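# Breakdown of the fold
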Amino acid sequence: MKAYRASLLYFAAPESLPGQAAFEQDGLLVVGPDATGRQVVQAIGSYQQLASQVQNQYPGLQIEHLPGRIIAPGFVDMHIHYPQIDVIGSPAEGLLPWLENYTFPHEKRFSAPEYSAEAAAFFIAELLRHGVTTALAFATSHPASVNALLGEAQRHSLRMIAGKVLMDQNAPDGVRDETRQSLIDTEALIEKWHGVDRLGYAITPRFVPSCSEAQLRGAGELAAQYPDVWIQSHVAENRDEVAWVRQLYPRARSYLSVYEDFGLLRPRAVYAHCIHLDEDDRALMRSTGTAAAVSPTSNLFLGSGFFDHAGADRAGFLYGLASDVGGGTSFSPFHTMLAAYYVGREGQTKPGVSLKPQHLWWQHTAGAARALGLQGVVGNLLPGCEADFVVLNPRATPLLARKTGQAGSLDELLFSLIVLGDDRLIEKTVISQADSA
Ligand SMILES: [Zn+2]
């Protein structure tokens, strides 16, 4: 049992939309094992109200005092490619040339287990440095790449979801897989990793053009056979890609509906981007319980387009934020939240909106967890949630100290952190069992 005295940021009513944050200036967070031994939040609230009660209940309880610090839920990244740590920041003429010239050549190297292991260790250290405690991650088409990532996540006691990429066509030698074997490998990886410790598996067709009909059908069959396994893919990122899918499936109603036809839209299915959707697509997202992983730094970097937050809310489908490294330009949730704000403001291709700071934060924590079907598990600090959290130092830089010192409301404070923040804000990332500074 352990307790922390600090300012606390969390979501008292995480299902109420759009996420309203709770802030306790002088708060107490109590963490301890549940019946199954998982470290979870036992109590959260004001120090004045909770301290004596908690000390009666748990005599000898140590309270770590963190003056001037804010404890907040660990961030949840809904879409990231761990093999792209060396692809980040590569110049290219949009999505398809970027895949061809940088991504595919780089992903070839992950056939080697030692190469995958080194990249996985770097990747997880980078996530933790940035305060990201749960991610839904693409590996490569090589099973070794999944074993490396989930093995490393297991060593850190992380709640991590990943999958072997399925891509049996329109891809070069070295990353292209073979249809039948790719499905056998996927099922073996599900059996090996899904539900082990805090790990989960995601069936991972890269995107429609890279998968044959037989491979998509097989992926859909596995998705039906393992309903609590995740599905992750990409949809409607840019117009060239949408046109390519129309050529491949001229009779499909839309790009998104191709996935539906193969049984790949359902709860725990997460599609990156979801930019070039129409109202029928949005209704389909909602009716199937499918979630969007909104990836604004990637969309701005590759010039793909602007996610329509108002359209998503109108249809009422699930979504949350994602870095999409290496199309995305940063691991930092602060950079992603700021980019989401820019994308929201854009008003030429869709209605412009000013996303509220609390809503941006929710989309990267409790809202993202909800979109993954992990509400009440991660992304929040209500009692029963797994104790993954970050300790923020709002005075981490001179400008942050100056600006946050003048904040007159919670929204002003959070927006200062979003606009000015980066990894320097993250003083410590605490994982439900292991500590990692
Ligand atoms: Zn992606």
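An account of the accompanying structure is given in this report. What you see is a predicted model; the values in this text were computed from it and never measured.

Within the chain one finds 16 helices and 16 strands. Here the C-alpha atoms of the chain give a radius of gyration of 21 Å, agreeing with the 22 Å that 2.2 N^0.38 yields for 437 residues. Taken along the three principal axes of its C-alpha coordinates, the chain extends 65 × 45 × 40 Å. In the structure as shown, the chain presents an accessible area of about 16,400 Å², 50% of it carried by carbon and sulfur atoms. Charge-centre separation for the chain: the mean point of 34 positive side chains lies 4 Å from the mean point of 46 negative side chains.

We now examine the pattern of salt bridges. Enumeration over the complete set of coordinates arrives at 23 salt bridges. Across the pair Glu64 and Lys2 runs a salt bridge whose closest N-O atoms are separated by 3.2 Å. In this pair, Glu64 is assigned in strand E4 (residues 63-73) and Lys2 in strand E1 (residues 2-10), connecting sequence segments 62 residues apart. Put simply, Asp388 and Arg198 hold a salt bridge, and the shortest N to O gap is 2.8 Å. With Asp388 in the loop between helix H14 (366-371) and strand E14 (389-392) and Arg198 in the loop between helix H5 (179-193) and strand E9 (199-205), this pair connects stretches of sequence that are 190 residues apart. A single salt-bridge network, built from bridges that share partners, covers Asp34, Arg38, Arg159, Arg198, Glu386 and Asp388.

Turning our eyes to something else, we now look at the packing of aromatic side chains. Applying the stated criterion to the full structure yields 16 aromatic pairs. Summarising the aromatic geometry, the rings of Phe75 and Phe334 are spaced 5.6 Å apart at their centres and angled 75° between planes, so their arrangement reads as edge-to-face. On the criterion of sequence distance, the pair formed by Phe75 in strand E5 (residues 75-81) and Phe334 in helix H12 (residues 333-345) is long-range, its members being 259 residues apart. No difference in accessibility class separates Phe75 from Phe334, as the two residues are buried. Here Phe75 and Trp361 contribute two aromatic rings whose centre-to-centre distance is 5.7 Å and whose plane-to-plane angle is 40°, an arrangement assigned as tilted. Of this pair, Phe75 sits in strand E5 while Trp361 is found in helix H13 (residues 357-363), placing the two residues 286 residues apart along the sequence. Three or more aromatic residues link up through ring pairs in this structure, and these residues are Tyr82, Phe110, Tyr115, Phe123 and Phe331. One Lys or Arg, Arg5, reaches over the ring of Tyr47 and ends 3.6 Å from the middle of that ring. Of note, Arg268 hangs over the ring of Trp230, and the distance from its end group to the ring centre comes to 4.0 Å.

The protein atoms donating to the zinc ion are His79 (NE2), His81 (NE2), His234 (NE2) and Asp324 (OD), with metal-donor distances spanning 2.0 to 2.4 Å. Classification of the site at the zinc ion rests on its 4 donor atoms, whose angles at the metal span 85 to 169°, yielding the label irregular. Motif for the zinc ion, donor spacing along one chain: H-x1-H-x152-H-x89-D. In this pair, His79 is assigned in strand E5 and Asp324 in the loop between strand E13 (318-321) and H12, connecting sequence segments 245 residues apart. Each member of the pair His79 and Asp324 is classed as buried.

Cut-offs and rules
- Numbering of residues starts from 1 in every chain and runs along the sequence as written.
- Totals for whole chains, interfaces and linings use every residue, but because this is a predicted model, local features are given only for residues with pLDDT of at least 70 and side-chain atom pairs only at 80 or more, for both listing and counting.
- Calculated side-chain values reflect all of the structure's heavy atoms, with hydrogen atoms and water omitted.
- A run of DSSP states H or I qualifies as a helix once it reaches four residues; a run of E qualifies as a strand once it reaches two. Both are numbered from the N-terminal end.
- Only the C-alpha atoms count toward the radius of gyration. The rule for a globule is 2.2 Å times the residue count to the power 0.38.
- Using a 1.4 Å probe, accessible areas were evaluated by the Shrake-Rupley method; residue-level cover was limited to the displayed protein chains.
- His residues and chain termini do not enter the charge count, which takes Lys and Arg as positive and Asp and Glu as negative.
- All charge positions are set by atom: Lys at NZ, Arg at CZ, Asp at CG, Glu at CD.
- Whenever Lys or Arg places a side-chain nitrogen within 4 Å of a carboxyl oxygen from Asp or Glu, that contact is recorded as a salt bridge.
- Ring pairs shown here join Phe, Tyr and Trp side chains whose ring centres sit within 6.5 Å, with only the six-membered ring taken for Trp; geometry is labelled stacked below 30 degrees between planes, edge-to-face above 60, and tilted in between.
- The classification of residues rests on relative accessible area computed with a 1.4 Å probe and restricted to protein chains. Under 20% of the type maximum is buried, over 50% is exposed, and intermediate values are partly exposed.
- Here, over-ring charges are defined by two tests on the NZ atom of lysine or the CZ atom of arginine: distance to the ring centre within 6 Å, and angle to the ring normal within 35 degrees.
- A 2.8 Å cut-off from the metal defines N, O and S donors, relaxed to 3.2 Å for Na, K and Ca; water is not in the atom list, so some sites may appear incomplete.
- Any site counts as irregular unless it has four donors with all angles between 85 and 135 degrees, making it tetrahedral, or four or six donors with opposite ones more than 155 degrees apart and the rest between 65 and 115, making it square planar or octahedral.

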